Amino acid sequence: MNYLSVTQIAEKWDMTPRRVQVLCNEGRIVGAQRVGNVWTIPENAEKPMDARKKVTNKSKQVNANISIERVWAMPNKNTFDIKPIYDLITEELTDGIWIDPFANQNKLASITNDLSVEFDTDYHLDALDFMKMFDSDSVDGVLYDPPYSPRQVSECYNNVGYNVTWDTTKASFWGNHKREISRIVKIGGKVITFGWNSGGIGYKYGFEIERILLVPHGGWHNDTICTVEIKTHQGEMPKFKGDVADMIQKTPNKKRLTKEDKKIISLLSALPNDYWDFKDNDVRVYTHGIHNYPAMMVCPISRNIIKLVRDVQNVETIFDPFMGSGTVLVEGMLAGINNIYGNDINPLALYLSKVKTTRLDITQLQQLSQSLYEWIDDAYNQFSLQINGADEIMRSVYNLDLTAKNGWGTEAPKYLQKYVQDNYIDIKIPDFKNIGYWFKPRVILLLSLIKENINKIVNNDIRDFIFVAFSETIRFVSNRRNGEFKMFRMPTNKVDKFEPDVIKEFTTILNRNIEKMNAFDEACTDIECNSMVSIFNNNATSLEDIPDNSVDLVVTSPPYGDSRTTVAYGEYSRLSLQWLDIFDLSEKEIMGIDKTLMGGSKYRNGFEFAVPSSTLRTSLEQIKDVDLERAGDVYSFYLDLCNSIAAISNKTKSGGYQFWVVGNRTVKGKLLLTDQIISEIANEFDLEHIHTIDRNIINKVMPSQNSPTNESGVKSLTMTNEHIVVLRKK
C-alpha cells in the first residue's frame, strides 16, 4: 500500500496540513501511522467527516450585483446639495417613512433630526436617542450622513456645547447607530449612507449593497462615497441579552438557589479559611510534575472540587476549556470520571496534556529508556572530543563571540554546519531563528544528538513521553533566565560561563518522569480507571468540537489577561516547539502563538463596548483616562472571555456546575475584579452565580513581580490570592 504525507493528503482533501495533523493525533484517520515525528497516511484513506461547524463563504453570495458609478462634483459642506448626490437620493427615495438623524438643513426625509437647534428639524436629539424613538421594523428608509471621523464627531458635539466622551469619539459611535438602524428598518427597506468608505451598515446588520456612487472633488479632497443598501435579512443580535447600556443599569436579579446549590454552599462554608491554600500539599505528584507550565492550577483544587460536586450530584463528564498542561484532566482520570474533555489553543499545551493522560507500560518504558541511554552514550563517545571542543573552536578559530546576538546569535546553523562537516560529525543541525542567541554550540550539538536518538523509538506514546523530558531539558540548558516565562536571556557574563551537563540533565528529568508515570499508572489501576480522554484544539470562544449540553462539571483557570502583558504562554513554549517539530508548525506560527490567545486582538483606536458587565465598564472608563490603548488591551481580553463563557455555557448540561479559578490583576493602578465580572457576564448566558471562594496563592507558579503600568522599570508585586467562582447552568 502506498502512503502519503500530511501535506499531500491536505491537498487531496482540500484542507490545511494542520487540520490533517490534528485528525491524525485524534486517531480519526484509519490506517494513519506515525514514523518518527511524521504521520504517514494510506493514499486510499477516507476523509473523516468534519464535526466542526461549516462557515459559508458569504463573499460568494453577498453584494453580488453592485452598480458602481463615478461622477465628479465640487465639494460642499452640505452633502445633499452636491448635485449627483441629490440626484441619487431623489432616485432612491421610496414611499413610506424615511428618517434623517443628521439632517442639518435638509428636508428630504419624512422625519428629521439634528443635534443643533439652529436647524429647523423635527427633533433636536442625539442621533442614537432619536433612532431609539422608533419601533422595530417601522421605518422604510434612512438617510445616514453622520460625521465621517472622530475629529468631525468632536467638532459636532463641541459646536453645540456637548461633552465629547470616549464612547462618542470611538467605534461605538457608529456601531451603536448601525444596531439601531438594523432594528428599526423593515425588511426591504433602504439605507443610504454617506462617508469616506463604502462599508455602509453591513451584512452583519442585515443589509446588502445595491449601488455605490463615488463623488470625487478634485485636488486632495477625499471622495464622498454614497452607499445604497437594502435590508434583506434580520441582522445578528448581540450574543448577550438586551442592550449593554440598558443591561448595566439593571438591578441584579435575586439568586434562585436549588437544593443542590444550597448543599454546595453549606459544604463550602463549613471548610476552614485556609482550606484552599494547600500549603503543605505535593502539587507535583503523579504526572502533574513531569513538565513545568506557566500559571498551572494546583492539582488539589480540581481534586477537591470534583469530590465536593460528587457529594451533591453525579459527574459523568468533566471539561477544562483552558486545560494548559492538563491538571484537571489528570485529576479527572484519578477520580475515575468516564468522559474527560480538555481544550487549549497552544500546541505545547496539547502535547503535554496528551502525554500526561496517556498511561504507559512501565516495563516497556524503562526498557526503551535504558536502550536510549545506551544509544546516546555510544553516539557521544564517538564524537565527544569534537562536541566538547565546539565552544572553544568557535571562539578561537571562527572568531565568534558566543554571547553576541549578531554573528553567532543569528547565524549559528551556518557555522555549526561547517563545523560538523569539517570534523566529520554525523549530527543534523537544527535551523530556527536566533538559535545561537539562546544556545551555545556544544549545547546545540548535544541536544541534536539526543533528539536524533529519541526519534529511533518506534512506540509513539513512549517517544512522546520522552520528548516531554527533552522539552524541559531544553529550558534548563538554554541561555534563558531561570524563573522567567517570557524570553529573557541571562546576562552576558553568565552566558559566557554557562556550561550545562546536557545529557545528565536530560537523564535526570526522564528518570524522574518515569517514576511519576509509574505512580500515576498504579493510582489509575487501583481505581480501575477507564476514563475516555478527548483533547481538542478549538478556540474557546467557539468550542465547535465539544458536544452541546454534554458536560456535568467545568473546572478551569483561564488566563488572567492578554499574553503580552501577563503570562506569555506562547513565549514560554517557543523553544520547545522549535526543537520538537510537532504539528508541522511554521516559524511564523510559532512566533505568533500569543496573538492567537485570549486578548490577542488589538483595539488601538478605541472600541465599541459590548461586554455585559457594569464592573468592567467602570474599570475601563478609569483606565482609558490614563491610557486608551491599554484600555483596548483589557477590553480585548474580556470580550474573548465573555464569548468563551457563552460557548462553555452551551456545552454545559442544565444543572451542571462550573468552577472558575481566576485572579484579579491590576492595570494602570486599577484592580480588575475578574471574579465579579464573570458573575455579571454569566447571568447573560443562562448561568447562575452560586458562590465565590477566596484562596491564598501558595504553590502556583507565578512571577514574583510584574509591570502593571507596562512601563520599563516600574514593578509591583503580583497577586497573592485567587477566587473560585461557582456557577450553575440554569
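Everything that follows concerns the structure shown earlier in this document.
Parameters at a glance
- Residues numbered from 1 in each chain as written.
- Predicted model: local features only at pLDDT ≥ 70, side-chain atom pairs only at ≥ 80, totals over all residues.
- Heavy atoms only, no water.
- 1 Å grid on protein atoms, 1.4 Å probe; cavity = no way out; pocket = protein on both sides within 12 Å on 5 of 7 lines; lining within 4 Å.
- Points joined across faces, edges and corners; volume = space filled by probe spheres on them.
- Nonpolar A, V, L, I, M, F, W, Y, C, P; charged D, E, K, R; others polar.
- Pairing = 2+ DSSP bridges.
- Helix = DSSP H or I, 4+ residues; strand = E, 2+ residues; numbered from the N terminus.
- Axes fitted to C-alpha atoms, helices over the stretch in contact; angles between N-to-C directions.
- Contact = heavy atoms within 4.5 Å.
- Phe/Tyr/Trp six-rings, centres within 6.5 Å; stacked < 30°, edge-to-face > 60°.
- Buried < 20%, exposed > 50% of the residue type's maximum accessible area, 1.4 Å probe, protein only.
- Lys NZ or Arg CZ within 6 Å of the ring centre and 35° of its normal.
- Core = buried A, V, L, I, M, F, W, Y, C linked by side-chain atoms within 4.5 Å.
- Polar contact = N/O pair within 3.5 Å; in protein donor to acceptor, adjacent residues only side chain to side chain.

Engineer: Please provide a residue-by-residue account of empty space enclosed by the protein, values included.
Structural biologist: The final tally for this structure, using the stated rule, is three cavities of 30 Å³ or more. Quantified by volume, the largest cavity comes out at close to 50 Å³. Lining of the largest cavity is provided by R18, V22, I345, P347, L350, N537, F583 and L585. In terms of residue class, the lining of the largest cavity is built from six nonpolar, one polar and one charged.

Engineer: An account of the sheet that holds strand β21 (residues 721-729) is needed here, citing residue identities and associated values.
Structural biologist: Here we have seven strands laid out as an open sheet, ordered β13-β12-β11-β14-β15-β21-β18, and mixed in their pairing. In this open sheet, the two edge strands, each paired with only one partner strand, are β13 (532-536) and β18 (687-696). This sheet shows a mean twist of 15° between the axes of neighbouring strands, independent of strand direction. Examined bridge by bridge, strand β11 (residues 317-320) and strand β14 (residues 551-556) share two bridges and lie parallel to one another. In the strand pairing of β14, F319 is matched with V554. Lying over the sheet, helix α24 (residues 628-651) contacts β14, β15 (652-662), β18 and β21, oriented at roughly 145° with respect to β15.

Engineer: For the packing of aromatic side chains, give the residues involved together with the corresponding values.
Structural biologist: Summed over the entire model, instances satisfying the criterion amount to 20 aromatic pairs. Centre to centre, the rings of Y148 and W196 are 5.4 Å apart; their planes meet at 75°, and the pair counts as edge-to-face. Taken together, the positions of Y148 in the loop between β7 (139-144) and α5 (150-159) and W196 in the loop between β8 (185-195) and β9 (207-215) put the pair 48 residues apart, joining distant regions of the chain. Plain terms: the ring middles of Y293 and Y572 are 5.8 Å apart, the flat faces sit at 80° to each other, and that makes the pair edge-to-face. Here Y572 lies in helix α20 (residues 569-580) and Y293 lies in the loop between α8 (259-269) and α9 (299-310), a separation of 279 residues in the sequence. Comparing Y293 with Y572 shows no difference in burial state: the two are buried. Grouped by ring-pair contacts, the aromatic residues F432, F439, F467, F470 and W579 constitute a single cluster. When the ring centre of Y437 is taken as reference, the NZ or CZ atom of K405 above it lies at 5.7 Å.

Engineer: Describe the nonpolar core, and please don't skip the residues or the numbers.
Structural biologist: F439, F465, F470, F506 and L553 are the most contacted members of the largest nonpolar core, which has 113 residues in total. Among the elements that take part in this core, helix α19 (residues 502-526) stands out by supplying ten residues, more than any other. If we skip the residues at most four places from it in the chain, F465 touches I290, V355, L360, L365, L510, N513, I514 and M517. If you look at the next biggest cluster of nonpolar residues, it comprises 41 residues, including I623, C642, A647 and I681.

Engineer: Could you give an account of the side chain of S182, naming the residues involved and the relevant values?
Structural biologist: Its location among the elements puts S182 in helix α6 (residues 171-184). A relative accessible area of 8% places S182 in the buried class. Polar side-chain contacts of S182 include one of 2.7 Å to the backbone oxygen of Y205.

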